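So you can see what is in the structure, the chains are spelled out below.
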Amino acid sequence: MKAFALAHPNIALVKYWGKRDLAYNLPGAGSLSLTLGGLSTRTCVEFDPALRADALQLDGERITSGAKIERVSEFLDLVRERVGISTRARVTSENDFPTGAGLASSASGFAALALAATKAAGLELSPTELSILARRGSGSAARSIFGGYVEMNDGVFPFGQGANKSETGSSKEASEAAFARQIQPAAHWDLRCIIAVTSAGEKDIGSTEGMVRTQRTSPYYKQWIESVAPDIERAAQAVAARDFSALAEVAEASCLRMHASAMGAEPGIIYWNATTVALIHAVRQARAGGLPVFFTIDAGPQVKVFCPAESRAECRALLEKTAGVRQILEAHPGEGARLCEDFTRG
Ligand code: PMV
C-alpha cells in the first residue's frame, strides 16, 4: 500500500481563471499548457492502518494542521471513497523548485499525489481518469498528468466546440468530462521556459480566492471567459505549426486578459510588482528587436519567458540584466506524471 510518483509543473499558454463549480472544482473554461521538464515534484503515499490521521511532510517539514493538510486529506478521501477504505495515509512530497511562489507547485503536487495515492490504494486508473481526479485537487493539476503540449476541457463543451454548444447537464456529469489531453508530445517543439523569480514569498491571494472574487465582482469576467475558446484554437494551431510569433501573440493576449479580469475585481487583484512590469517591457522590446521571446504570468509576480531552444542564452541574459530578478530557473518540454522507485530516481 505504498507508491512513489513524479510529476512536473506546467505553465498555461492560454490561462484558466474561474470556476463553474467549486464543489467539483470545475473550470469556467478550457486552457492550454506546456508541461515543464526540469522541475519536479516527487511524492510517496503509504496507507497505514496504524495511523489515526493523515500525515503530511512537505519539503522536509511536518505539517500537522491547517489548509495544506486539509486539502490533502480531502483529496485522499476521494481515493478512499473510490476503493471503499478508511485507512489513513502518510504523504511525503518533495519539490526541487521553490513552492508557493506562483510556479504551479499545486499542479505537479496534485498530479503526483493522484498517481501515487491511487496506485498505493491498488487502483489502476487511465490517464484520463487520473486527470479528472487530479483536477479535484487543483485545476491545473489535470494538465500535469500529460506531457508536452496539453489542452484542458471545461467538461461542458467537448474539445474544440467551445463556441457553439449551449450549457446542459449537471456539475456531476460535467465533472466526469472535465479532463486534459495531450495535443502534441514534448518532442514536437523544443521551446524553453525561463522563469524569472521576482519575489521569494508565498503569494498573497491564492488562485481559488482570486478566481472567486473575479467572477463575483469583475465586470470583465464574462468577456474573459468568452475569449478563451477562440484563444485555445489559435494557440493549438500555432503549436501544431511551430509558429512562434503566432503563439507569442495569443499567449501574451491570454495572460493580459486574465490579469485584466482580475484587476477589474473589487478590490482589484494585482499580482505584479515593479520587476514584473519591467520584465514585460524588456521582453516586448527584445521581441521588437528580433529576439523570439514572449512572457506569461500566473497568480503571482514571477515572469515566465518562452523562447526557442536556440535563443535560450540570449533570453537568459535579458532576464539577468533586469534589476529585481532574484533567481532564474529553466525548464523544457517535459513528460507526464509517472510512477517512480523512490525520491532519487525516475
Ligand atoms: O489550478 P490552480 O488553482 O493552480 O490555478 C491555476 C491558475 C493559473 O495558474 C493562474 C492559470 C493556469 O491556467 O495555470
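Below is a short write-up of the structure. The shown structure was predicted, so the numbers you read here are calculated from the model rather than taken from an experiment.

## Some points on the pairing of strand E5 (residues 31-37)
Counting buried positions along E5 yields seven of seven residues, so the element is predominantly enclosed. Side-chain alternation along E5 places Ser31, Ser33, Thr35 and Gly37 on one buried face and Leu32, Leu34 and Leu36 on a second face that is also buried. When strand E2 (residues 10-14) meets E5, the two strands line up antiparallel, connected through four bridges. By the bridge assignment for E5, Asn10 is matched with Thr35. Bridge analysis of E5 against strand E10 (residues 149-152) gives four bridges, and the strand direction is antiparallel.

## A short note on the site of the ligand
Looking at the ligand, there are 14 residues lining it, with Tyr16, Gly139, Ser140, Arg143 and Ser207 nearest. One of the side-chain nitrogen or oxygen atoms of Ser106 is found 3.2 Å away from an oxygen atom of the ligand. Ser207 places a side-chain nitrogen or oxygen 2.7 Å from an oxygen atom of the ligand. Coverage of the ligand by the protein chains reaches 94% of its 380 Å² of free accessible surface.

## With respect to the sheet that holds strand E1 (residues 2-7)
Reading across from one edge, E8-E7-E9-E6-E1-E16 is the order of the six strands in this open sheet, with mixed pairing throughout. Single-partner strands in this sheet number two, and they are strand E8 (61-63) and strand E16 (338-340). Direction aside, neighbouring strands of the sheet carry axes that sit 25 degrees apart on average. Of the strands in this sheet, strand E6 (41-47), strand E7 (55-58), E8 and strand E9 (89-95) are in contact with helix H1 (residues 67-83), which crosses E7 at around 125 degrees. The strands touched by helix H2 (residues 105-120) within the sheet are E1, E6, E9 and E16, with E6 carrying the most contacts at an inclination of about 35 degrees.

## A word on the pattern of salt bridges
One pass over the full model with this rule turns up 21 salt bridges. Note that Arg90 and Glu46 form a salt bridge whose closest N and O atoms lie 3.1 Å from each other. Note that Arg90 is positioned in strand E9 and Glu46 in strand E6, a separation of 44 residues in sequence. The exposure class assigned to Arg90 is partly exposed, which follows from its relative accessible area of 31%. One salt bridge connects Glu252 with Arg287, and the closest N-O pair in it is separated by 2.7 Å. Taken as a pair, Glu252 in helix H8 (residues 244-263) and Arg287 in helix H9 (residues 274-288) lie far apart in primary sequence, 35 residues in all. We classify Glu252 as buried; its relative accessible area is 1%.

## Considering the environment of Ile11
For Ile11, the location among the structural elements is in strand E2. With 138 residues separating them in the primary sequence, Ile11 and Tyr149 have C-alpha atoms 9.9 Å apart. Beyond its immediate sequence surroundings of up to four residues, Ile11 is in contact with Leu32, Ser33, Leu34, Leu36, Cys193, Thr296, Asp298, Lys304 and Phe306.

## Some details on the state of the cysteines
This structure, assessed with the given rule, holds zero disulfides. With no disulfide of its own, Cys315 lies closest to Cys307 among cysteine sulfurs, the gap being 4.0 Å.

## Some words on the side chain of Asn95
By the secondary structure assignment, Asn95 is in strand E9. Among all residues touching Asn95, those that are not within four sequence positions of it are Ser40, Thr41, Asp59, Ser105 and Ser108.

## Some points on the packing of H1 against H2
At a closest axis distance of 10 Å, the pairing of H1 and H2 adopts a crossing angle of 35 degrees. For the crossing formed where H1 meets H2, the hand is right-handed. Within the contact between the two elements, H1 uses Arg71, Val72, Phe75, Leu76 and Val79 and H2 uses Ser106, Phe110, Leu113, Ala114, Ala117 and Thr118.

## A word on H2
In this model H2 runs 22 Å from its N-terminal to its C-terminal C-alpha over 16 residues, within 8% of the 22 Å that 1.5 Å per residue would give. Most of H2 is tucked away, with 14 of its 16 residues classed as buried. At the exit of H2 stands Gly122, carrying a positive phi of roughly 85 degrees.

Basis of the calculations
- Residues numbered from 1 in each chain as written.
- Predicted model: local features only at pLDDT ≥ 70, side-chain atom pairs only at ≥ 80, totals over all residues.
- Heavy atoms only, no water.
- Buried < 20%, exposed > 50% of the residue type's maximum accessible area, 1.4 Å probe, protein only.
- Helix = DSSP H or I, 4+ residues; strand = E, 2+ residues; numbered from the N terminus.
- Pairing = 2+ DSSP bridges.
- Near = heavy atom within 4 Å.
- Polar contact = N/O pair within 3.5 Å; in protein donor to acceptor, adjacent residues only side chain to side chain.
- Areas by Shrake-Rupley, 256 points an atom, 1.4 Å probe, with all protein chains shown as cover.
- Axes fitted to C-alpha atoms, helices over the stretch in contact; angles between N-to-C directions.
- Contact = heavy atoms within 4.5 Å.
- Salt bridge = Lys/Arg side-chain N within 4 Å of Asp/Glu carboxyl O.
- Disulfide = S-S within 2.5 Å.
- Left-handed = near helix turned anticlockwise from the far one by under 90°.
- Expected span 1.5 Å × (residues − 1).

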